[in-house]
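# Results of the structural survey
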Amino acid sequence: MRRLTLNGLWDFRIDPDLTGENLGFSDCSVRFDEQMMVPGSWRLSEQYRHYHGVAWYKRLFDLDPADISKQVGIWFGGAFRHADIFINGQFIKQHKGFQSGFGVDVTSAIHVGENCLAVRVDDTQARETDIMGGASVMETEYVHMAGLYEPVWLEIREAVYVTNVYAPLDRQAKVVRLSMTLVNTTNGPVDTTITVKFTSVKDSVIAAQKTFVLHQAEESSVSAMEVPISAFELWSPEHPALYDIDISVRAEDAADRYRQRTGFKSFEADGSQFYLNDQPYFLRGYGDDFVFPLTGLPGAEDADFYKPLLLKARDYGFNAARHHSHFPYEAYFTAADEIGILVQPELALANIPMHWFTDRNQDLFLSQWRELLLENRHHPCIMAWCGGNEQEWGFPFEQELYSTAKALDPFRLVMATDGNFMAKEIGSVHDYASIVYAEYTDVLPIDTFSDLYLRDRSGKPQIVHEMGNYCTLPDISELSHYDNAVVYPEQLRRYAVMIRDRALETLYERCFVQAKILQRLCHKLNIEAARRSPYVSGYHLWTFNDYHDTTQGIVSALYRDKAFTASQFAQLNAPSILLWDTPRVIFGAGETICFTLLISKYHQEDWPDARLFLSVSSGQALQLDHSSISAMGLMPLTEWSVTLANFQTARQLVFRAELTAGDVRLVNEWPLWVYPDCPIKNNKEIFINYLSRYLVESCNFRIRHFTIPMPLDERHLIITGFLYDGMLQAVEHGASMLLLADPHTFRHTVHGNAFKSPWWMAKPFFYLNRSNNIQAANVLEDHPALANIPHETCWNLNFYHLVENRYAIRIDSPDLICEPILYGVDADLNRLAYLFEFSMGKGRILVSTLNFDRENMKNVEVRYTFNNLVNYCQSIEFKPKHVLPLDHLINAFCSGDEQT
């Protein structure tokens, strides 16, 4: 077989009446004035960026006299959405469905010399007959898909040739079974000899030869040979061994040749565990959503386009990629084969209601499914076939989809859909489970959700679907790299303009750094929680790179580092990691902690001489030598008891674990906090309203009850959650106030703020814990009010109970001139304060929205923080810089109607 590329500039025009029924355009005498690059998309041109409809492609190709006696076909890697093929004005074939490639036999329509190939492409979707795609990534606006988007080439074969070569590894039989289809297009029987060679990159050769008699016009499937597994190096992400299958088909005086690159692996689901080549395997995967803003489309024909991107993912520790509702290009699979990334492609079917399915679109889905499997099943990188994204309510042909995949590729895993919301939905059409554990909405696996990855069990290997959707703030420094981009990031440009116009450069720089710190914290918590679960066999992080107008990726849309360097993330995303199994990270001074250390081990080698070293930064240490670790999976390592010192002020400590075994060195660290009792001082006489008295009911000092206007001055402190007549006048006369603002105290109150970074670039979604996903970064000022509370200018887990799902006050209004101490910012850098202060008259007010309710005060860090704020309000350091007049403060308060 010879392949002649037909890529390059084709003549092009859109159909003037938008119907595509003007078949005269298929005539070569009809000239087109424009040209379009193939492979490519007309939507990549400025003129047709927004055009949807029918367009015509046309080009000439020459054939030698010797080629006319052979079989001539044309292969199209992909046409979006439907294509009609014409040769020399003669209609040859119609192809529907944009995901799969397709071939056309043009032998009967060609002639010696110049031939004309015309293609009519229609990129429109008829919902009533064609829902192919649905919510597919390939149909989104940022993917400019249209026309002949993959390579086109001419195939010239001898009269007897081979096709449909298939060489899977049968692990049970311990052989590679090579089969193929032989086609005889001659006028009679013919003796045919097939010679097969398997050649590795090391030039080792395995060869065999067979002779067949093919009858006239026969197309027959034959089993050419079986080769023992022991003859091959097996493919894995860690060792992507590849082989070329060279097949020579000799019949009479002619020989046709076929070549296919492949690799051999077994990837199986046994119980609740994946096994790769008979070894337990943990999937450390990511989502890839076809995001290429500089080009609009990925590289259609060049595997080298993808290799740097896949190598970047490998550097970050990933071994798998999941492609949301699309099959990537052939060139991508080739690159993944070579680099070593397991791939889960998906049929273009996402979130489609059951009632949209009809017999017609069912046939389209299944035909595309079959073609895609036959086209790509030789790629060893493919870990499983997936029928679509988040069709958790099912679809009517899922059983046929599953059985078709098993018939065409019986040794590959299959799942009807990923993104099921409950393990109970995982049935016989799922070889493994891809479950939405709710982590990508608005929860972290701590506190109420600490058992998140322990709640659901399917009895099969489980992957966390679209895990860890934690955003950062946008990086406006990337704008300069988009000068010639096909997909320009308008949201990023808007953000940069907003920062400039509002003179927010200083705030932005600080919050940008803090947002990356928060994303690092969230990912570490989440990944370690998933690795601690015995029911989780892998995850697909959402996503590896950003969308051009969102910030949920591990790297930017241009594959630049963000919150992590590759080495930092690879340590967290490694085959084996050390895990601290603890329900809490905040302890009381003098408390004894039992550190329980686990390991999630997926290095294949045994570690007979492992050495473990544990330490706490307060000075305690433990070393265990010569421990033997041979098994794989999640295992306990040791328990270690440590009694914490009786610190006088709160401390942040670090628990550190290091394991060495041969050339392997695993290190992990976890912060923990130690809080002592903090007595409230009596520097001032303290008044409290009766509804707030629970705050100090356990304190051993005198509290007075504020009920009516009193002549208070600088000797007095009011602690209140409600403002009564006379309180503000008392402040004007010199009193101090700790105002525990309730949700209706201030007019501009933002409810439901989450501790974590937001989902999907700070859009106001409310999910399981009713947080609003608005807050994108947080800041803790270096301020005396927080001097005795451990922090590094950004909140950590010791602030979780204080700020999670808490309301905050917008302090950017002109009425509320104050000094923020602890605050967050939303995606537009509006400040949302939890703690701020100002002077008013002779007195001063510290406002807090931190969670000091009765139940929360049982937590040692919450009680300590409250007592410290009370002491700060009695200290000489309570000297706010900003003065707020009483009338301004009243304007910032909710009116009576608003409170109601």
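Predicted, not measured: the structure shown is a model, and the values here were computed from it.

This part is about the sheet that holds strand β2 (residues 8-14). What the six strands build is an open sheet, ordered β3-β2-β4-β10-β7-β8; its pairing is antiparallel. Only two strands of the sheet have a single neighbouring strand rather than two, namely β3 (34-38) and β8 (90-96). Averaged over all adjacent pairs, the angle separating strand axes in this sheet is 30°, with direction ignored.

This part takes up the environment of I719. Relative to the helices and strands, I719 is located in strand β42 (residues 716-720). On a C-alpha basis, the gap between I719 and S692 in space is 7.8 Å, while along the polypeptide they are 27 residues apart. Those residues in contact with I719 that sit more than four places away from it in its chain are I686, F687, I688, N689, L695, L738, L740, F866 and V870.

A few words on the sheet that holds strand β9 (residues 102-105). Strand order in this open sheet of four strands is β1-β12-β5-β9, and the pairing throughout is antiparallel. Only two strands of the sheet have a single partner each, and these edge strands are β1 (2-5) and β9. Each adjacent strand pair in this sheet contributes to an overall mean axis angle of 25°, direction not counted. Note that strand β5 (residues 71-76) and strand β12 (residues 152-157) share six bridges and pair antiparallel. If you follow G73 over to β12, its bridge partner there is E155.

If you walk through the whole model with that rule in mind, you get 39 salt bridges. Here D246 and R259 are joined by a salt bridge, their closest N and O atoms 3.9 Å apart. Of this pair, D246 sits in strand β19 (residues 243-251) while R259 sits in strand β20 (residues 254-262), placing them 13 residues apart in sequence. Its salt-bridge partner being D828, residue R494 comes within 3.4 Å of it at the nearest N-O pair. Of the two residues, R494 is situated in helix α6 (residues 490-501) and D828 in the loop between β47 (819-826) and β48 (831-840); the sequence distance between them amounts to 334 residues. Members of the salt-bridge network, linked through shared partners, are D244, D246, R257, R259, R261, D304, K307 and E338.

Calculation notes
- Residues numbered from 1 in each chain as written.
- Predicted model: local features only at pLDDT ≥ 70, side-chain atom pairs only at ≥ 80, totals over all residues.
- Heavy atoms only, no water.
- Pairing = 2+ DSSP bridges.
- Helix = DSSP H or I, 4+ residues; strand = E, 2+ residues; numbered from the N terminus.
- Axes fitted to C-alpha atoms, helices over the stretch in contact; angles between N-to-C directions.
- Contact = heavy atoms within 4.5 Å.
- Salt bridge = Lys/Arg side-chain N within 4 Å of Asp/Glu carboxyl O.

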